[in-house]
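# Chains, contacts and geometry: an overview
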Amino acid sequence: MAIKVGDKLPDASFVVMTSDGPAERSTSDVFAGKKVALFAIPGAYTPTCQNQHVPGFVDRAEELAGKGIDTIACTAVNDVFVLSHFAKDTGAEGKIVMLADGNGDFAKAIGLDLDLTSRGFGVRSSRYAMLVEDGVVKVLNVEDIPPQHDKSSAATLCSMIDRSL
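All values derive from a computational prediction rather than experimental measurement.

## Observations concerning the overall build of the protein
When its secondary structure is counted, the protein shows 6 helices and 9 strands. Against the globule reference of 15 Å for 165 residues, the protein gives a C-alpha radius of gyration of 14 Å, in line with a compact fold. Counting only C-alpha atoms, the protein reaches 40 × 35 × 30 Å along its principal axes. The contacts of the protein with a sequence gap of at least 6 include a subset with a gap of at least 24, amounting to 63%. Charged side chains in the protein number 16 positive and 22 negative. The centres of these two groups are separated by 4 Å.

Next up, the structure:
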């Protein structure tokens, strides 16, 4: 069953790149006491993710901060090294925290995993965006068709944050 508005994020771990190398972060580390704009991409370096979805959040980072967002985070079923280079290549470095969910454990725990094995991509995360306050989902937008990113775009999330405040 997929997570929904009003649910608390489950305990899970991510890997992030720090100046000392890869480090584990729990959902509590990332979300406790914070307002977080979290979005998920099916995979780094895929066309929609790289050329449209992530750049939208990079371009609206200041706007999101102005709406009280403490952290913008992106999760993907990729390893931390791929996501670290992806952040550099997309201009997200320093603006978006990349949360590596290498085995898809978080995606599965929230019921938003996406089985793309028939296409040779394995199990990935669905494309979504959510507003999380102190670990509780306040807004959730999940795409119906993976290449689309209208529901989960930064623009859509920004407009919904205005309404949810």
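## Describing the pattern of salt bridges
Going through the model one piece at a time under the given rule, you end up with 3 salt bridges. Taking the shortest distance from any N to any O, the salt bridge between Lys4 and Asp7 comes out at 3.2 Å. Asp7 gets classed as partly exposed once you look at its relative accessible area, which sits at 23%.

## With respect to the packing of aromatic side chains
The geometry of an aromatic ring pair is captured by two quantities: the separation of the ring centres and the angle between the planes. Scanning all chains against the criterion turns up 3 aromatic pairs. Centroid distance Tyr45 to Phe86: 5.1 Å. Interplanar angle 70°. Geometry classified as edge-to-face. Placement of Tyr45 in the loop between strand E3 (35–40) and helix H2 (47–59) and of Phe86 in helix H4 (residues 80–90) is noted, with a sequence separation of 41 residues between them. Look at Tyr45 and you get partly exposed, because its relative accessible area is 36%.

## Things to note about unusual backbone geometry
A positive phi angle, close to 70°, is found at Tyr45, a residue other than glycine. In this structure, Asp134 is a non-glycine residue whose phi angle is positive, near 50°. On the secondary structure map, Asp134 appears in the loop between strand E8 (128–133) and strand E9 (136–142).

## Notes on the environment of Ile3
Relative to the assigned elements, Ile3 resides in the segment before strand E1 (13–18). In this structure the C-alpha to C-alpha distance between Ile3 and Leu131, which are 128 residues apart in sequence, comes to 13 Å.

## Brief notes about H2
In a regular helix each residue adds 1.5 Å, so 13 residues correspond to 18 Å; H2 covers 17 Å between its end C-alpha atoms and thus fits that length. Within H2, the axis deviates most sharply at His53, by approximately 25°, and proline Pro55 lies no more than four positions further along. Taken together, the buried positions of H2 are occupied by Thr48, Cys49, His53, Val54, Phe57 and Val58.

## Brief notes about the nonpolar core
The biggest cluster of nonpolar side chains holds 29 residues, and the ones touching the most others in it are Phe39, Phe57 and Ile96. Of all elements in the fold, only E3, H2, helix H3 (61–66), strand E4 (71–76), H4, strand E5 (97–100), E8 and helix H6 (154–164) reach the threshold of two or more residues within this core. For Phe39, the contacting residues outside a window of four places in its chain are His53, Val54, Phe57, Ile72, Ala73, Cys74, Thr75, Ile96, Tyr128 and Ala129. Within the second largest apolar cluster, 21 residues are counted, among which are Phe31, Ala73, Leu99 and Leu112.

## A look at the environment of Lys151
Here Lys151 is to be found in the loop between E9 and H6. Along the sequence, Lys151 and Asn141 sit 10 residues apart, while their C-alpha atoms lie 5.6 Å from each other. The residues contacting Lys151, other than those within four sequence positions of it, are Asn141, Val142, Glu143, Asp144 and Thr156. At 2.7 Å, the side chain of Lys151 and the side chain of Asp144 are in polar contact.

Cut-offs used in this document
- Residues numbered from 1 in each chain as written.
- Predicted model: local features only at pLDDT ≥ 70, side-chain atom pairs only at ≥ 80, totals over all residues.
- Heavy atoms only, no water.
- Helix = DSSP H or I, 4+ residues; strand = E, 2+ residues; numbered from the N terminus.
- Rg over C-alpha atoms; globule rule 2.2 N^0.38 Å.
- Contact = heavy atoms within 4.5 Å.
- Lys, Arg positive; Asp, Glu negative; His and termini not counted.
- Charge placed at Lys NZ, Arg CZ, Asp CG, Glu CD.
- Salt bridge = Lys/Arg side-chain N within 4 Å of Asp/Glu carboxyl O.
- Buried < 20%, exposed > 50% of the residue type's maximum accessible area, 1.4 Å probe, protein only.
- Phe/Tyr/Trp six-rings, centres within 6.5 Å; stacked < 30°, edge-to-face > 60°.
- Expected span 1.5 Å × (residues − 1).
- Bend = angle between axes of the 7 residues up to and from the residue.
- Core = buried A, V, L, I, M, F, W, Y, C linked by side-chain atoms within 4.5 Å.
- Polar contact = N/O pair within 3.5 Å; in protein donor to acceptor, adjacent residues only side chain to side chain.

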